[in-house]
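A structural walkthrough
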Amino acid sequence: MLYPVRKGLPFYHNLLVLKLAGYYPKSSNYNKKLFFYCLVCWMSLWTGTLWNLIILLYLSIQNKSSHGITEAMGYLIGNSSLALICLHFALKHQDWSHLMDALIDFQKYGKPPKFNTVQTNASKVGITFFKVLFCAAVMYCVLQVLLEEECEKKLTFGKTSCGMLLPTWFPASHAESKLAKRLLLIYQLLACWAIAPFTVIVSLVLQANEFIAYRIDHLKSLLRKVGSNENPDLQLHHFLAYVQYHHHIIRLCRKLNYVAKYTTGHVALTFVTVVACFGHHSIQEKSLQSLTYQATYVISMCILCYAGQNMQDQMRSIGDALYSSTWYNCSLKVQKMIPLVLLRTQQPIGLDAVPLGVFNYMLMVMVLKTTYSYMSFLSRTI
């Protein structure tokens, strides 16, 4: 059974966008072969723009156009990375479904207080991010068409990119065809729709992280009362239940880390190259498009680093809550188990950033420093 896309349930808006985009099945009784066939056809939209960018990159190198090289390389690596996020989510949709089912299962340990408020906060971030990105792409297309003639007067190489959403190469026989340009512009908009849901997937990681954080807050409130009961048998019974709750939260964190690693773990690897290329191009050409793309990539990385850091901090705070409780009023059996629980809370649990370590604030600072160094290198050499 797949997690249902039903109004009123958590993750509804995120999954609705992914279902409309073809990355999440419409129902549990779906045809797997048909789903993957549609997925291949859908992702082939991006393949066309991929080959076009490869050709443009080759021509930029041949013509020694430094601005064309950095722009084409940024789009080539960046869009490939974003397309992989969507593709990996579709391939791991069943694991994501199991995780979401586990996150809203409160039968054994109870529902954390004020849990309903988290259903809207993170999902609003993802939907807003998605709407802004797609609307910006449409508005940029309109502006490119209106300013096409002025753009062609300024450029000496890459005039065919004028009036297009992405840098574009045309065969010589179709370079001046307005119809070919408009058809390819529509194609590029569809390709943009194919990879735009990456914003919803990134926010899905954040939303799942927030759901786990609410469970951790619930566990900490229980641990602070661990010594309030004077009955030794009840103390032991409650403490063992809290330990099981802690293990359950650890399993949820590992499930989230597993699906997030295969879905968004590679973003940190491509971040430096993409942001440096677009940073160099936006400085040289004063391109609003490059600056917008750069900001989108940086925001996605910030969301992932925040989610990873928040998971690490929340898991460590469980030990602090237990240590600040009235543990000295507990029975001897409970007191003997407390050091083992404290030791378990010190083991780091986070979101893996393949292959650079884990997503946290330290990683964000490291990649930003590396990006600045790479941007300086591009400015001196290209």
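Before reading on, note that the structure itself is shown above.
Residues numbered from 1 in each chain as written. Predicted model: local features only at pLDDT ≥ 70, side-chain atom pairs only at ≥ 80, totals over all residues. Heavy atoms only, no water.

**Focus on the overall build of the chain**
- Secondary structure summary: the chain contains 13 helices and two strands in total.
- For the chain, buried positions account for 51% of its 382 residues.
- Of the accessible surface of the chain, which amounts to about 18,900 Å², a share of 64% is contributed by carbon and sulfur atoms. (Helix = DSSP H or I, 4+ residues; strand = E, 2+ residues; numbered from the N terminus. Buried < 20%, exposed > 50% of the residue type's maximum accessible area, 1.4 Å probe, protein only. Areas by Shrake-Rupley, 256 points an atom, 1.4 Å probe, with all protein chains shown as cover.)

**A few points about the packing of aromatic side chains**
- Summed over all chains, the structure comprises 10 aromatic pairs.
- Ring plane angle 5° and centroid distance 4.7 Å describe the contact between Tyr 109 and Tyr 245, whose orientation is recorded as stacked. Of this pair, Tyr 109 sits in the loop between α4 (93-103) and α5 (118-146) while Tyr 245 sits in helix α9 (residues 232-264), placing them 136 residues apart in sequence. Pair check on accessibility: Tyr 109 and Tyr 245 agree, each one buried.
- Taken together, Tyr 3, Phe 11 and Phe 211 form an aromatic cluster joined through their ring pairs.
- The residue whose ring lies beneath Lys 92 is Tyr 262, and the NZ or CZ to ring-centre distance is 4.7 Å. (Phe/Tyr/Trp six-rings, centres within 6.5 Å; stacked < 30°, edge-to-face > 60°. Lys NZ or Arg CZ within 6 Å of the ring centre and 35° of its normal.)

**Quick look at unusual backbone geometry**
- For the bond from Val 354 to Pro 355, the omega torsion is -5°, close enough to zero to count as cis.
- Mapped onto the elements of the fold, Pro 355 is located in the loop between β1 (352-353) and β2 (357-358).

**Remarks on the pattern of salt bridges**
- If you walk through the whole model with that rule in mind, you get one salt bridge.
- As a salt-bridge pair, Lys 220 and Asp 217 come within 3.5 Å of each other at their nearest N and O atoms. With Lys 220 and Asp 217 both in helix α8 (residues 198-223) and three residues apart, this pair spans about one turn of that helix. (Salt bridge = Lys/Arg side-chain N within 4 Å of Asp/Glu carboxyl O.)

**Observations concerning the nonpolar core**
- Core analysis: the biggest nonpolar cluster contains 101 residues, and Tyr 23 and Met 301 have the highest contact counts within it.
- Counting residues per element, this core draws most heavily on α8, which supplies 13 residues.
- When near neighbours in sequence (up to four residues on either side) are disregarded, Met 301 contacts Val 267, Ala 268, Phe 271, Phe 359, Leu 363, Met 364 and Val 367. (Core = buried A, V, L, I, M, F, W, Y, C linked by side-chain atoms within 4.5 Å. Contact = heavy atoms within 4.5 Å.)

**Some details on a nonpolar patch on the surface**
- Among the surface-exposed residues, Leu 179, Leu 183, Ile 186 and Leu 190 lie close enough to one another that they form a single nonpolar patch of about 400 Å² accessible area.
- Position of Leu 183 relative to the elements: it lies in helix α7 (residues 178-195). (Patch = residues over 30% accessible without salt bridge, like charges linked within 9 Å, V, L, I, M, F, W, Y side chains within 5 Å.)

**Some thoughts on the packing of helix α10 (residues 267-285) against helix α13 (residues 361-381)**
- Between α10 and α13, the least distance of the axes is 8 Å, while the angle of their chain directions is 45°. Classified by the interaxial angle, the pair formed by α10 and α13 is oblique. Note that α10 runs across α13; the crossing there is right-handed. Along its contact with α10, which presents Ala 268, Phe 271, Val 272, Thr 273, Val 275, Ala 276, Cys 277, Gly 279, His 280 and Ile 283, the element α13 presents Leu 363, Met 364, Val 367, Leu 368, Thr 370, Thr 371, Tyr 374, Met 375, Leu 378 and Ser 379.
- Classifying every residue of the contact of α10 with α13 by side-chain character gives 14 nonpolar, six polar and no charged. (Axes fitted to C-alpha atoms, helices over the stretch in contact; angles between N-to-C directions. Parallel < 35°, antiparallel > 145°, perpendicular 65-115°, else oblique. Left-handed = near helix turned anticlockwise from the far one by under 90°. Nonpolar A, V, L, I, M, F, W, Y, C, P; charged D, E, K, R; others polar.)

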